[in-house]
Amino acid sequence: MKLEINGEEIAFELENEQTLKDVVRSVVEYLQTNGFIDVQILVDGKKIELHDDSWHDRAIKDIAYMQVNGLMAYDFEQCIKVLHLAKEALEADEQENIDKVMSLWPRFILSLHFWLSDFHLGESYFNTMMNIPNLLPQMKEKEELRTQILRMLELSVHAIQEKGRELEHPKEEILLAITQLQDFKEPLTGLAVLFQNGKDAQAMQEILVFMELFQKLMRTANFLDADEHEFRQKIASLAEKFSGKMREFTQACETRDYVLAADLAEYEIVPHLDALDELKTLLS
């Protein structure tokens, strides 16, 4: 079977692949890992839908060629440039520049999802960002909506810049996250008092920042060099200890069971933060 990616014939050897499903899965995983977005696949000239399973069991021996087309995700600098252009055009209400930026928007949003899918943002964030072109006509009449969109653009800039730092300097970013997590001992212990005094918004802000820092620690560990084997083992062990409690903690916050959330923070999460010292030692 001949394989082409964006018009270029690729030399490859089948290993254990027997069906079209096996080959497509391998090709898509390779492309997504290497920054391709919006992948389309044609088999013997006919497009197949990735969500459809009618073609899964086709035998490889019956297929002559596969064509794969896909866009590369914008890199960090390109994403930041699009965000700055969008922010400047919207603030100045320059329709010509707004139209130019919006022509880049579908590919930009797919790129944003590629880079930030492991951030604590949620699909609603990406859906809202994708829908910005449809919201533009309402912005002139609704100042609150305009403010919200500009804030989302600014948030996206900060998130993209942070992901860039994590990829470029994972060790430094992990040490920073550990220090910031340990600084949360007092705020987490004080959640009960905040809830009791009706300061729910302040308490939830502390919780959200802590959860994002913990997620940052977990995801950035994946960017370390392969020779950091001992650290990887320790971080996996820590994640196993924390995961159950963090799930309970998250669920308690989502269901607004603030008494349980405060108890979990003080008695189940804070005591484990001292274990982060060992991770610091391994990287320092």
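Residues numbered from 1 in each chain as written. Predicted model: local features only at pLDDT ≥ 70, side-chain atom pairs only at ≥ 80, totals over all residues. Heavy atoms only, no water.

How should the pairing of strand β1 (residues 2–5) be read in this particular structure?
Along a regular strand, successive side chains alternate from one face of the sheet to the other. Pairing analysis gives 4 bridges linking β1 to strand β5 (residues 65–72), with the strands arranged parallel. Bridged to Ile5 within β5 is Val68. As defined by bridge partners, β1 adjoins strand β2 (residues 8–10) across 3 bridges and the pair is classed as antiparallel. Across the sheet, residue Glu4 finds its bridge partner in β2, namely Glu9. Turn length for the β1-β2 hairpin, with the two strands adjacent in sequence and antiparallel, is 2 residues, and the turn residue Asn6 shows positive phi of about 50°. (Pairing = 2+ DSSP bridges. Helix = DSSP H or I, 4+ residues; strand = E, 2+ residues; numbered from the N terminus.)

Sorry if this is basic, but what is going on with the pattern of salt bridges here?
Once their charged atoms are close, side chains differing in charge can pair, the charge on each being opposite to the other. According to the stated counting rule, one finds 19 salt bridges in the structure shown. Glu162 is paired through a salt bridge with Arg219; the nearest N and O atoms lie 3.7 Å apart. Of the two residues, Glu162 is situated in helix α6 (residues 143–168) and Arg219 in helix α10 (residues 200–221); the sequence distance between them amounts to 57 residues. Both residues of the pair, Glu162 and Arg219, belong to the buried class. Here Lys216 and Glu173 are joined by a salt bridge, their closest N and O atoms 2.8 Å apart. Highlighted residues: Lys216 in helix α10 and Glu173 in helix α7 (residues 170–182), separated in sequence by 43 residues. Glu173 sits in the buried class, given a relative accessible area of 10%. It is possible to trace a salt-bridge network through shared partners that takes in Glu162, Arg165, Glu166, Glu173, Glu212, Lys216 and Arg219. (Salt bridge = Lys/Arg side-chain N within 4 Å of Asp/Glu carboxyl O. Buried < 20%, exposed > 50% of the residue type's maximum accessible area, 1.4 Å probe, protein only.)

Teacher, can you tell me more about a nonpolar patch on the surface here?
Together, Met1, Phe12 and Leu14 give the surface a local cluster of nonpolar side chains, amounting to about 230 Å² of exposed area. Locating Phe12 in the fold gives a position in the loop between β2 and α1 (20–33). Relative accessible area serves as the criterion here: at 32%, Phe12 is assigned to the partly exposed category. (Patch = residues over 30% accessible without salt bridge, like charges linked within 9 Å, V, L, I, M, F, W, Y side chains within 5 Å. Areas by Shrake-Rupley, 256 points an atom, 1.4 Å probe, with all protein chains shown as cover.)

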